[in-house]
Amino acid sequence: MTNPAARALPTDPTDLTGTGLSADWVAELVERTLTEDLTGGAPLPSAPDVAVGYDVTSAATVPGTQFGTADLVARADGVVAGLPLAARVFTRLAPGATLTAGAADGDRVRRGDVLLTVRGPVRALLAAERSALNIASRASGIATATRAWVDAVAGTGAVVLDTRKTTPGLRPLEKYAVRCGGGSNKRMGLYDVAMVKDNHVAAAGSVAAAVALVRERAPRITVQVECDTLAQVGEALDAGADFLLLDNMTPDQLRQAVALVGDLDVDLEATGGLTLDVAREVADTGIDYLSVGALTHSSPILDLALDLRALDLRAG
């Protein structure tokens, strides 16, 4: 495992400090995920021993008094994210479990690295396994893909952004995973930034009219305008936009857009159909951001597994 930021491993693997994730939202996600797997949608019982009884296989094959230690292990190289959430899945079913961190969110890991060690009732560990893995694997896959883009444009000054193309119900987690991979979040929803696109222009009558209407209704909101042509870039600049999305433009067009902006305090984002093999060429045009929807809508998971070991029996 490599840790470029030289972060100390968390003493409490469930700690959400610095994640930007609400404890209430995380608790709801954990509950919803476990409910889906253990009870078929019925309310999850509060007693751990009752809850794990819904794991038919483990209830039949694992003695109720059996304790054990399990390692959450990377099955592929990548960047990890979501480990505190995975840890909370385990403690939801086994509140007295002992957890030891082997990695921190944002770390680069290698195949075989132990990311988290959990000791507790085996029934509870196995009942929590898939839910914990689903959350951490999804987040780590996004973090891994993001880091590849960030590495590709390193040194150019360009920043890799995500989009709103997220899995319904998982936006906070997926955008957090982008941050773990070194990227940045563009906007969390429709409420925090105004983005004028072609349909808004059609409704308002022009770019200038659309920008003016947003300024009138929401004067403190950043106004972004999507531009398909250099002519639209000029129109958006004249209208006083703060940020331009340069949609499906060639590197040469991007360079011309950069020249049009000059010293104006306007940020430029390349968007639309970007691929990793052209990321460096696009970033070298002088734009400020690369917007990559695929980070959240198409990243494969990072393969993680739970390996059980050190079994023993306890009374009670």
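Residues numbered from 1 in each chain as written. Predicted model: local features only at pLDDT ≥ 70, side-chain atom pairs only at ≥ 80, totals over all residues. Heavy atoms only, no water.

- The name given to the protein chain in an unreviewed UniProt entry is nicotinate-nucleotide diphosphorylase (carboxylating), with the source organism recorded as Modestobacter marinus.
- Among the UniProt annotations of the protein chain, the heading Function (unreviewed entry) holds the following wording: "Involved in the catabolism of quinolinic acid (QA)." (UniProt positions renumbered as here; feature names shortened; annotations may be inferred.)

1. Overview of the overall build of the protein chain
So, point 1. Check the secondary structure of the protein chain and you find 12 helices and 12 strands.
So, point 2. For the C-alpha atoms alone, the extent of the protein chain along its principal axes is close to 75 × 40 × 30 Å.
So, point 3. Relative to its full complement of 316 residues, the protein chain shows a buried share of 47%.
So, point 4. Within the protein chain, counting contacts between residues at least 6 apart in sequence, those at least 24 apart form 73% of the total.
So, point 5. In the protein chain, the 28 positive side-chain charges and the 39 negative ones have mean positions that sit 5 Å from each other. (Helix = DSSP H or I, 4+ residues; strand = E, 2+ residues; numbered from the N terminus. Buried < 20%, exposed > 50% of the residue type's maximum accessible area, 1.4 Å probe, protein only. Contact = heavy atoms within 4.5 Å. Lys, Arg positive; Asp, Glu negative; His and termini not counted. Charge placed at Lys NZ, Arg CZ, Asp CG, Glu CD.)

2. Comments concerning the packing of helix α8 (residues 207-217) against helix α9 (residues 230-239)
So, point 1. Viewed as axis vectors pointing N to C, α8 and α9 meet at an angle of 35°, and their least axial separation amounts to 9 Å. As α8 runs across α9, the sense of the crossing is right-handed. Mapping the contact onto sequence places V207, A208 and V211 in α8 and E235, A236 and A239 in α9.
So, point 2. Grouping the amino acids of the contact of α8 with α9 by side-chain chemistry returns 5 nonpolar, no polar and 1 charged. (Axes fitted to C-alpha atoms, helices over the stretch in contact; angles between N-to-C directions. Left-handed = near helix turned anticlockwise from the far one by under 90°. Nonpolar A, V, L, I, M, F, W, Y, C, P; charged D, E, K, R; others polar.)

3. Quick notes on the nonpolar core
So, point 1. Judged by nonpolar contacts, the single largest core of 85 residues is most densely connected at L85, L115, V225, L244, L246, I287 and L290.
So, point 2. For this core, the leading source of residues is helix α5 (residues 122-152), giving 12 residues.
So, point 3. Excluding its chain neighbours within four sequence positions, the residues that come into contact with V225 are V196, V207, V211, A236, A241, F243, L244 and L245. (Core = buried A, V, L, I, M, F, W, Y, C linked by side-chain atoms within 4.5 Å.)

4. Observations regarding the sheet that holds strand β7 (residues 194-196)
So, point 1. With parallel pairing, the 6 strands of this open sheet are ordered in space as β6-β11-β10-β9-β8-β7. Strands with a single pairing partner mark the edges of an open sheet, and in this sheet they are β6 (159-161) and β7. Across this sheet, the average inter-strand angle for adjacent strands is 25°, counted without regard to direction.
So, point 2. One ladder, built from 4 bridges, connects strand β8 (residues 223-227) with strand β9 (residues 243-247); its direction is parallel. By the bridge assignment, V225 is partnered in β9 with L244.
So, point 3. Sitting on the sheet, α9 is in contact with β8 and β9, with an inclination near 165° to β8.
So, point 4. Across the face of the sheet, helix α10 (residues 251-261) comes into contact with β9 and β10 (267-271) while running at roughly 165° to β10. (Pairing = 2+ DSSP bridges.)

5. What about the side chain of T35?
So, point 1. Secondary-structure assignment places T35 in helix α1 (residues 23-38).
So, point 2. Given a relative accessible area of 14%, T35 falls into the buried group.
So, point 3. There is a polar contact of 2.7 Å between the side chain of T35 and the backbone oxygen of E31.
So, point 4. Ignoring anything within four residues of it in the chain, the contact list for T35 reads G40, G41, A42 and L44. (Polar contact = N/O pair within 3.5 Å; in protein donor to acceptor, adjacent residues only side chain to side chain.)

6. Structural notes on the UniProt feature "domain: Quinolinate phosphoribosyl transferase N-terminal" (unreviewed entry) in the protein chain
So, point 1. Mapped onto this structure's residue numbering, the UniProt feature "domain: Quinolinate phosphoribosyl transferase N-terminal" (unreviewed entry) falls at residues 55-140.
So, point 2. Helix makes up 42% of residues 55-140 and strand 29%, and the two end C-alpha atoms of the span are 26 Å apart.

7. Quick look at the pattern of salt bridges
So, point 1. Taken as a whole and judged by the stated rule, the model has 13 salt bridges.
So, point 2. The salt bridge partner of D312 is R119, with a shortest N-O separation of 2.6 Å. In this pair, D312 is assigned in strand β12 (residues 304-313) and R119 in strand β5 (residues 114-121), connecting sequence segments 193 residues apart.
So, point 3. By relative accessible area, which is 26% here, D312 ends up partly exposed. (Salt bridge = Lys/Arg side-chain N within 4 Å of Asp/Glu carboxyl O.)

8. Focus on the sheet that holds strand β1 (residues 66-74)
So, point 1. Taken together, 4 strands build an open sheet; the order of strands is β3-β5-β1-β12 and the sheet is antiparallel. Two strands lie at the open edges of the sheet, namely β3 (98-101) and β12, each paired on one side alone. Here the strands of the sheet are splayed against their neighbours by 15° on average, with no regard to which way each runs.
So, point 2. As defined by bridge partners, β1 adjoins β5 across 7 bridges and the pair is classed as antiparallel. Among the inter-strand pairings, F67 is bridged to a residue of β5, identified as P121.
So, point 3. In this fold helix α4 (residues 83-93) packs onto β1, β3, β5 and β12, with an angle of close to 10° to the strand it touches most, β5.
So, point 4. Each of β1, β5 and β12 touches α5; the most contacted strand, β12, lies at about 160° to it.

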